[in-house]
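Tertiary structure, described
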Amino acid sequence: MPWELKADRPIYAQLIEQIELKICSGIYAPGSRLPSVRDLAREASVNPNTMQRALAKLEEDGLLYSTRTSGRFVTEDDNVIYQVKNKLAQEQIQDFLKKMKQLGFENKEILSMLKTMLEEVKR
Amino acid sequence: MLAKLLKYEFKATARWFIPIYAALILFALISRVLLHNDPFVLKEASSFLQIAVFLSMFIYVFLFIGIMVVTLVVMIQRFYKSLLGDEGYLMFTLPVQTWKHLVNKLLIAILWNLLSAAIGMVSIMLLVPAQELKELGSLLMYIKEYLGTMGYFSIPLLFLASIVFSIVQMYTAIALGHLFRKHKLLASFGMYIGINTVSQIVFILIILFFQYYLTSLSGPVPSLHPSHINMLILVTGIILAVLTAVCFIVTNIILKRRLNLE
Amino acid sequence: MNTILECKNLTKSFGTTKALDGVNLTIERGRIVGLLGPNGSGKTTFIKICNGLLTPTSGEVRINGFNPGVETKKIVSYLPEKNYLNDWMKVSQIIRFFQDFYEDFSPEKAYDMLKRLNIDPNSRLKTLSKGTKEKVQLILVMSRDAELYLLDEPIGGVDPAARDYILDTIITNYNENAAVILSTHLIADIEKVLDDIVFLKEGQAVLNKTVDEIRDEYGKSVDALFREVFKC
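Residues numbered from 1 in each chain as written. Chains lettered and ligands numbered in written order. Predicted model: local features only at pLDDT ≥ 70, side-chain atom pairs only at ≥ 80, totals over all residues.

**Thoughts on the overall build of chain B**
Keep this limit in mind: Helix numbering and strand numbering both begin at the N terminus, where a helix is a DSSP run of H or I of at least 4 residues and a strand a DSSP run of E of at least 2. Throughout, a residue-residue contact means that the two C-beta atoms, derived from backbone geometry, are no farther apart than 7 Å.
For chain B, the count of helices and strands is eight helices and zero strands. In chain B, the order of α-helices and β-strands from amino to carboxyl end is α-α-α-α-α-α-α-α. The long-range share in chain B, meaning contacts at least 24 apart out of those at least 6 apart in sequence, stands at 78%.

**A few points about the domain arrangement of chain A**
Our working rule: Where a domain begins and ends is set by an automatic assignment or by a domain database.
In terms of domain boundaries, chain A breaks down into domain 1 (11-78) and domain 2 (85-122). Using only C-alpha atoms to locate each centre, domain 1 of chain A and domain 2 of chain A end up separated by 30 Å.

**Describing the environment of B:Q211**
Residue and element names in this part refer to chain B. Here is the rule: Field definition: a residue is buried when 20 or more other C-beta atoms are found within 10 Å of its C-beta, exposed when 12 or fewer are, and partly exposed for counts in between, with C-beta atoms placed from the backbone.
As for its placement among the helices and strands, Q211 is situated in helix α7 (residues 184-218). Looking at Q211, the number of C-beta atoms within 10 Å reads 13, which means it is partly exposed. Each C-alpha atom of the pair Q211 and L232 lies 9.0 Å from the other, and the pair is 21 residues apart in sequence.

**A word on the interface of chain B and chain C**
Here is the rule: All amino acids are sorted into three groups, where Ala, Val, Leu, Ile, Met, Phe, Trp, Tyr, Cys and Pro are nonpolar, Asp, Glu, Lys and Arg are charged, and the leftover types, Gly among them, are polar.
Taken together, the contact pairs 20 residues of chain B with 22 residues of chain C. When contributions to the side of chain B that touches chain C are tallied by element, the ones reaching two or more residues are α1 (2-35) and α3 (88-91) of chain B. In terms of residues, the side of chain B that touches chain C owes the most to one element, α1(B), which gives four residues. Class assignment for the residues of the side of chain B that touches chain C results in ten nonpolar, three polar and seven charged.

**A short note on the environment of A:R33**
All names here are of chain A. Mapping R33 onto the fold places it in the loop between α1 (11-24) and α2 (37-44). What makes R33 partly exposed here is the crowd of 13 C-beta atoms within 10 Å. For R33 and L15, which are 18 residues apart along the polypeptide, the C-alpha to C-alpha distance reads 18 Å.

**Concerning the sheet that holds strand β2 (residues 17-28) of chain C**
Residues and elements named next belong to chain C. Quick note on the threshold: Two strands are said to pair when DSSP picks up at least two bridges between them. Angles run from 0 to 180 degrees between N-to-C directions of axes, and those axes are lines fitted to C-alpha atoms, restricted for helices to the stretch in contact.
Here we have three strands laid out as an open sheet, ordered β2-β1-β4, and antiparallel in their pairing. The open sheet terminates on both sides in strands that have one partner only, identified here as β2 and β4 (58-63). Taking each pair of neighbouring strands and ignoring which way they run, the sheet shows an average axis angle of 15 degrees. Relative to β2, strand β1 (residues 3-14) runs antiparallel, the two being bridged by nine bridges.

**Notes on the confidence of the model for chain B**
Any segment with low pLDDT has predicted coordinates that should not be analysed in fine detail. Residues and elements named next belong to chain B. Keep this limit in mind: Here pLDDT means the predictor's own confidence in every residue, given as a number from 0 to 100.
When pLDDT is averaged across chain B, the result is 85; 88% of the residues are at 70 or more. Taken element by element, the predicted model of chain B shows its lowest mean pLDDT in helix α5 (residues 134-147) (71) and its highest in α3 (94). This complex was scored by the predictor with a pTM of 0.88 and an ipTM of 0.91.

**Regarding the nonpolar core**
Stated formally: Nonpolar cores are identified as sets of buried Ala, Val, Leu, Ile, Met, Phe, Trp, Tyr and Cys residues joined via C-beta atoms within 7 Å.
In this structure, C:V33, C:L148, C:L150, C:A179 and C:V180 are the most contacted members of the largest nonpolar core, which totals 120 residues. Among the elements that take part in this core, helix α6 (residues 150-178) of chain B stands out by supplying ten residues, more than any other. Apart from the residues lying within four places of it in its own chain, the contact partners of C:L148 are C:I4, C:L5, C:I63, C:I75, C:V76, C:A178 and C:A179. In this structure, B:L24, B:L63, B:F64 and B:I67 belong to the second largest nonpolar core, which totals eight residues.

**Some details on the domain arrangement of chain B**
Residue and element names in this part refer to chain B. Split by domain assignment, chain B resolves into domain 1 (1-133) and domain 2 (136-262). A total of seven residues in the side of domain 1 that touches domain 2 trace back to one element, the largest contributor, which is helix α4 (residues 98-127). Class assignment for the residues of the side of domain 1 that touches domain 2 results in 13 nonpolar, three polar and no charged.

**Some points on the interface of chain A and chain C**
In this complex, chain A contributes 16 residues to the contact, which on the side of chain C involves 18 residues. Counting residues per element, the ones that place at least two in the side of chain A that touches chain C are α1, α2 and α3 (48-61) of chain A. Its residues assigned to classes, the side of chain A that touches chain C shows eight nonpolar, four polar and four charged.

**Some remarks on the pairing of strand β7 (residues 179-184) of chain C**
Regular strands place their side chains on alternate faces of the sheet. Residue and element names in this part refer to chain C. The buried count for β7 comes to six of six residues, which makes it a mostly enclosed element. Burial along β7 is two-sided: the face carrying A179, I181 and S183 and the face carrying V180, L182 and T184 are both buried. Relative to β7, strand β3 (residues 32-36) is paired through five bridges, and the arrangement is parallel. Among the inter-strand pairings, G34 is bridged to a residue of β7, identified as L182.

**Here's the deal with the sheet that holds β3(C)**
All names here are of chain C. On the basis of which strands lie adjacent, the open sheet formed by six strands has the order β5-β6-β7-β3-β8-β9 and mixed pairing. Every interior strand has two partners, whereas the edge strands, β5 (76-79) and β9 (204-210), have only one. Between one strand axis and the next, the sheet turns by 15 degrees as a mean value, whatever way the strands run. Along the sheet, helix α8 (residues 211-218) contacts β8 (196-201) and β9; its crossing angle with β9, the most-contacted strand, is approximately 90 degrees.

**Topic: the pairing of strand β2 (residues 71-74) of chain A**
All names here are of chain A. Both strand β1 (residues 64-67) and β2 contribute to a ladder of four bridges, which runs antiparallel. The residue of β2 that forms the bridge with T67 is G71. Hairpin connection between β1 and β2: a loop of three residues separates the two successive antiparallel strands.

**Structural notes on the packing of α2(A) against helix α6 (residues 160-173) of chain C**
This is how the line gets drawn: Our angle categories are set so that under 35 degrees counts as roughly parallel, over 145 as roughly antiparallel, 65 to 115 as roughly perpendicular, and the remainder as oblique. Handedness of a crossing follows from how the near helix is turned relative to the far one, being left-handed for an anticlockwise turn of less than a right angle and right-handed for a clockwise one.
Between α2(A) and α6(C), the shortest axis-to-axis distance is 9 Å and the interhelical angle comes to 165 degrees. In terms of their interaxial angle, α2(A) and α6(C) are classed as roughly antiparallel. The chirality of how α2(A) crosses α6(C) is right-handed. Between α2(A), through A:R38, A:A41 and A:R42, and α6(C), the contact on the second element is made entirely by C:D168, C:I171 and C:T172.

**Points about the packing of α2(A) against α3(A)**
Residue and element names in this part refer to chain A. The N-to-C vectors of α2 and α3 enclose an angle of 115 degrees; their axes lie 9 Å apart at closest approach. Here α2 is positioned roughly perpendicular relative to α3, judged by the angle of their axes. Two packed elements cross with a definite hand, and for α2 against α3 that hand is right-handed. Contacts between α2 and α3 involve V37, R38, L40, A41 and A44 from the former and P48, M51, Q52 and L55 from the latter. In the contact of α2 with α3, the residues fall into seven nonpolar, one polar and one charged.

Next up, the structure:
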């Protein structure tokens with residue numbers, strides 16, 4: 001999954017989101033080892049200091065942990081990951097609802113549209 | 001560091017000189033062979049031989065003059081373009097003191113000056129039949145008569161000192177010209193004439209003073225004693241050395257504290 | 001000492017024009033700094049003074065505590081905007097040259113980068129295209145383990161693929177002990193790689209913040225802000 005960084009928002013915040021996404025979607029599996037700061041920075045084409053900042057924040061939040069010798073790892077605590085998944089999901093839904101409201105849809109309509117589309121996806 | 005600079009400077013310049021030196025020697029030899037040791041035979045020789053000799057000599061003279069021109073041009077280019085032009089960006093960012101750059105250019109310039117002179121003389125000796133070279137022998141005797149055996153050393157040394165000074169003069173002129181924002185080349189030219197004039201005046205003044213000093217010692221019209229001439233040579237040498245040092249210091253200061261590469 | 005470069009009241013005049021007008025700047029080690037500004041804003045002048053290629057009219061620059069001189073040249077790696085290599089050498093010879101004069105130069109790194117960019121070390125500099133020569137110059141600069149890298153328009157004349165490679169090299173080369181100052185007017189390409197931004201306008205440093213601070217405060221990219229500040 002390529003790194004998607006928009007131009008008008010702080011990079012550090014976007015990096016945090018992108019890594020959270022990668023963890024939640026399993027690209028960085030629980031317990032797996034993360035590439036070095038430098039390699040991540042190269043991948044994302046960002047400044048290593050900025051990447052370091054983002055990783056430090058994620059460590060603070062408990063999504064990552066680092067050992068002195070072996071590097072950085074994704075947490076194995078499913079709970080923590082679940083929380084983040086939840087948080088991201090809620091953000092997505094809030095965004096979605098806001099846009100639907102902007103288009104003028106009511107709650108009932110939104111719900112039934114969702115149901116129909118989900119059925120179609122199943123097929 | 002200086003040794004490394006010298007190595008690269010030599011490599012950069014040798015590519016100009018080696019071929020032309022070789023060509024000069026070649027055509028000296030060719031001309032000599034064609035002339036068959038006796039130029040007067042030419043009048044009876046075939047017209048083909050005449051043309052060949054003429055061509056060969058023409059090329060030889062052309063190369064001879066060419067070497068003098070190339071020596072001068074390379075000397076100036078290695079300072080003007082290579083140090084104060086685009087390549088200066090490479091040179092002046094090296095962790096090397098400024099004076100080492102100066103000494104580097106100077107030593108290699110001296111080298112090529114001497115080599116060019118030497119190759120020139122060798123080519124003449126190759127070209128000219130042996131009898132003519134006896135003239136050289138009598139020249140050496142002449143020196144001994146008027147200057148004593150000291151003359152064998154003092155004349156070459158003076159020669160060397162004047163070459164060094166003439167080179168450093170040019171560097172100083174170019175460096176002074178570099179101080180101008182516009183028309184640097186023109187300014188350098190003007191500076192060169194200025195320095196030349198000033199140094200000539202200095203020379204004349206000191207020599208006159210020296211003569212006055214001599215006459216006050218031994219009465220009017222001093223005889224040309226070898227020791228007097230040697231003294232004169234010594235004084236001239238010292239003046240050259242001092243002027244060279246002054247020019248060197250000025251150039252160094254300019255390049256160190258007033259560098260403004262475009 | 002964490003400060004690698006300190007600039008106090010730096011002024012440089014060319015005749016009546018002031019290229020730099022009282023610039024005050026402090027650069028810390030481990031930062032990648034973008035020196036941004038339109039053409040003629042004094043970026044190249046600033047960098048040349050740091051290298052000792054120009055003498056200031058007033059004020060001073062200190063690199064690791066020293067004025068530009070032999071001590072600073074040992075630890076500063078400079079990429080000029082122009083082509084400055086002597087034409088007659090082969091690539092392998094200029095590498096040898098750098099190796100001879102710079103203790104912190106790594107020929108292995110240089111050859112590795114040459115290989116990656118498909119440049120034949122045996123080719124004469126004279127025969128290379130302008131873009132390739134620029135790549136060679138960049139390789140020479142980045143193969144040094146310097147404490148301050150001064151890159152003047154490193155991505156200006158290169159194709160987009162090479163541009164990516166250059167940014168990649170800057171990121172890879174990063175070490176906390178060294179600082180990188182790069183001047184450019186191609187901001188969009190390079191923004192994400194920078195820590196700090198210094199805007200130079202008419203010889204003065206008008207903005208000095210980090211990229212994220214700018215994006216936070218102004219709600220737009222540095223590139224967008226730049227276009228606003230320097231609108232014609």
